[in-house]
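As a plain string of letters, each chain reads:
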Amino acid sequence: MLAIGFSLSGTADGIIPIGAAGLVLITTYTGWINTRPLLCLISPGLGFGFLMVGGTYFVLAGTYAPLPWIVATYRFSWSTSLAAEPIPGYSGRHPRGPPAFPIAYGTQYSSWLYAGFALATVAVITLCVMMNYFPTLSLIALLPMPLAYFAWSAQ
C-alpha cells in the first residue's frame, strides 16, 4: 500500500508520514484497535478524515497546506459521529464483534456523543464558510443534518 502512495505522489518523501500512519491504522485495527472502544470510535475519523483528505491533497498538490486539514476536521467529526451512533433496541456486546462504542458505553452516552460530533460537523462547515475557506454553496452539506436529530432521539 505504501508503494501505491509512492507511485501516486511522484515523490516518496512527503507521503511517508501519511502512508505510515495509514499502514499502522490498518495493521493494528483488527488485533489491537478493535478491542478498545474509544479507538474504535476515532479510527474511522482518522482514516476517512485526516489520512484520506490530507493524503489526497498531497498527491494532487505535492505539498501540505492548512485548508485540507480544516476539511479533514469535518470528515473526522462526521465519520466519528457515525461510529458513535447509538443502536436502538440493542444492548450487550456481540460475542465475536469489536466492542463498538455504543455497546461498550451504552446508547444513552453514545447518543450524546453522536450529537456532539454531529454539531461539530455543523460548526466546522459553518465556520469555514464564514471565514471564506469554503464557498457559500458548501452550506448545502448541512441540508441532511436535521436527520441527525432523529438518529440522536431514537435511543
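Keep in mind that this is a model prediction, so the values were computed, not measured.

A count of helical and extended segments in the chain gives seven helices and zero strands. Element order for the chain, N to C, with α for helix and β for strand: α-α-α-α-α-α-α. Taking as baseline every contact in the chain between residues at least 6 positions apart, the subset at least 24 positions apart corresponds to 59%. Total accessible area on the chain stands at roughly 9,000 Å², and carbon and sulfur atoms take up 72% of it.

What follows deals with a nonpolar patch on the surface. Taken together, the side chains of Leu67, Leu127, Met130, Met131 and Tyr133 make up a nonpolar region of the molecular surface, amounting to roughly 510 Å² of accessible area. Looking at the secondary structure, you find Leu67 in helix H4 (residues 66-84). Judged by its relative accessible area of 36%, Leu67 falls in the partly exposed class.

Let us look at the environment of Leu51. Considering the arrangement of structural elements, one finds Leu51 in helix H3 (residues 37-61). In sequence terms Leu51 and Leu25 are 26 residues apart; their C-alpha atoms lie 9.8 Å from each other. Those residues in contact with Leu51, other than ones at most four positions away along the chain, are Ile18, Ala21, Gly22, Leu25, Leu46 and Thr56.

Counting seven residues, the largest nonpolar core is built from Tyr114, Ala118, Ile125, Leu142, Met145, Ala148 and Ala151. At the level of secondary structure, the elements contributing two or more residues to this core comprise helix H6 (107-130) and helix H7 (146-153). The leading source of residues in this core is H6, at three residues. Residues contacting Met145, with those up to four places away along its chain left out, are Trp78, Ala118, Thr121 and Val122.

About the cut-offs
- Here the residue numbers are simple positions, counted from 1 along each chain's written sequence.
- Since the coordinates come from a predicted model, pLDDT governs what is reported: local features require at least 70, and pairs of side-chain atoms require 80 or more to be given and counted, while whole-chain, interface and lining totals use all residues.
- As a rule here, side-chain values come from all non-hydrogen atoms in the structure, and water together with hydrogens is ignored.
- Note on conventions: DSSP H or I runs of at least 4 residues are helices, E runs of at least 2 residues are strands, and numbering of each starts at the N terminus.
- Throughout, a contact is declared for two residues whenever any of their heavy atoms are within 4.5 Å.
- Accessibility throughout is a Shrake-Rupley quantity obtained with a 1.4 Å probe, and a residue counts as covered only by protein chains that appear here.
- Patches here: salt-bridge-free residues with over 30% relative accessible area, like charges joined within 9 Å, nonpolar side chains (Val, Leu, Ile, Met, Phe, Trp, Tyr) joined within 5 Å.
- Each reported salt bridge corresponds to a side-chain nitrogen of Lys or Arg within 4 Å of a carboxyl oxygen of Asp or Glu.
- Throughout, exposure labels follow a simple rule: accessible area from a 1.4 Å probe, protein chains only, divided by the maximum for the residue type, with under 20% read as buried, over 50% as exposed, and the rest as partly exposed.
- Note on terminology: a nonpolar core comprises buried Ala, Val, Leu, Ile, Met, Phe, Trp, Tyr and Cys residues joined through side-chain atoms within 4.5 Å.

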